[in-house]
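# Topology and contacts: notes
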Amino acid sequence: MTVRLNPAVRKVSDTVTMRLFPLVSLILGLAACDAAGPGFSGAEKVIREQDGARFTLRRRGDLVEAIRTNPEVLPRFRSVAPKAGIAAQRWTGCRAAWVMGDPAMMVIGMDCAGRTPPKMPKRRHTMYCELFAGAGHSFEMDCHKT
């Protein structure tokens, strides 16, 4: 059975498809982006899961980069970082000495074969703020500097 579309409907359909295709491609491309961060380009990558979180891991010496690629609503660093550290430990066989970053991308300093782990890089001061519902339609924000 052959279905023929009205030429006007087909033209509208083609126009919508051509306009939406780049947007849909961009969204899908960024949805699970795991491009290497500074200093990890070209490093071998592996994908590991830990307690429901999926990470792309790359290693340069005693540093491991962990990029969380699973969707998660409002993830917190303090809940994601231990999972990334454990995933890095299982992959490298070393002990995670420290984890820094944010819930999406972390760098982990590894304590391998009795060597002193790398020092944690100095960070710029960052303000962390939490938004709370106030009375009526107002909101309150609590911020602290790290």
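A few points on the structure. Since we're looking at a predicted model, the values are computed, not measured.

## Regarding the overall build of the chain
- Per the secondary structure count, the chain includes 2 helices and 7 strands.
- Listing the helices and strands of the chain from first to last along the sequence gives α-β-β-β-α-β-β-β-β.
- Looking at the chain as a whole, 25% of its 146 residues are labelled buried.
- Total accessible area computed for the chain in this model is approximately 10,700 Å², and 59% of it derives from carbon and sulfur atoms.

## Overview of the sheet that holds strand E5 (residues 105-111)
- Across the sheet, 5 strands lie side by side as E1-E2-E3-E5-E4; this open sheet has antiparallel pairing. Of all strands in the sheet, those with a lone pairing partner are strand E1 (45-50) and strand E4 (95-101), marking the two edges. In this sheet, adjacent strand axes meet at a mean angle of 30° when their direction is disregarded.
- Sheet strands in contact with helix H2 (residues 77-92) are E1, strand E2 (53-60), strand E3 (63-68), E4 and E5, and its direction is about 55° off that of E2.

## Details of the pairing of strand E7 (residues 139-145)
- With 0 of its 7 residues buried, E7 lies for the most part at the surface.
- As paired strands, strand E6 (residues 127-133) and E7 are joined by 7 bridges and run antiparallel to one another. Considered in E7, the bridge of Ala 133 is made with Phe 139.

## So, the pattern of salt bridges
- Enumeration according to the criterion identifies 4 salt bridges in this entry.
- One salt bridge connects Asp 111 with Arg 95, and the closest N-O pair in it is separated by 3.2 Å. Here Arg 95 lies in strand E4 and Asp 111 lies in strand E5, a separation of 16 residues in the sequence.
- The partly exposed category is assigned to Arg 95, whose relative accessible area is 45%.
- One salt-bridge network, in which partners are shared between bridges, spans Arg 59, Asp 62 and Arg 115.

## Here's the deal with the environment of Pro 121
- Position of Pro 121 relative to the elements: it lies in the loop between E5 and E6.
- Take Pro 121: its relative accessible area is 43%, and that puts it in the partly exposed class.
- C-alpha separation for the pair Pro 121 and Met 100, spaced 21 residues apart in sequence, amounts to 8.8 Å.
- Excluding residues within four positions of it along the chain, Pro 121 makes contact with Trp 98 and Met 100.

Cut-offs used in this document
Residues numbered from 1 in each chain as written. Predicted model: local features only at pLDDT ≥ 70, side-chain atom pairs only at ≥ 80, totals over all residues. Heavy atoms only, no water. Helix = DSSP H or I, 4+ residues; strand = E, 2+ residues; numbered from the N terminus. Buried < 20%, exposed > 50% of the residue type's maximum accessible area, 1.4 Å probe, protein only. Areas by Shrake-Rupley, 256 points an atom, 1.4 Å probe, with all protein chains shown as cover. Pairing = 2+ DSSP bridges. Axes fitted to C-alpha atoms, helices over the stretch in contact; angles between N-to-C directions. Contact = heavy atoms within 4.5 Å. Salt bridge = Lys/Arg side-chain N within 4 Å of Asp/Glu carboxyl O.

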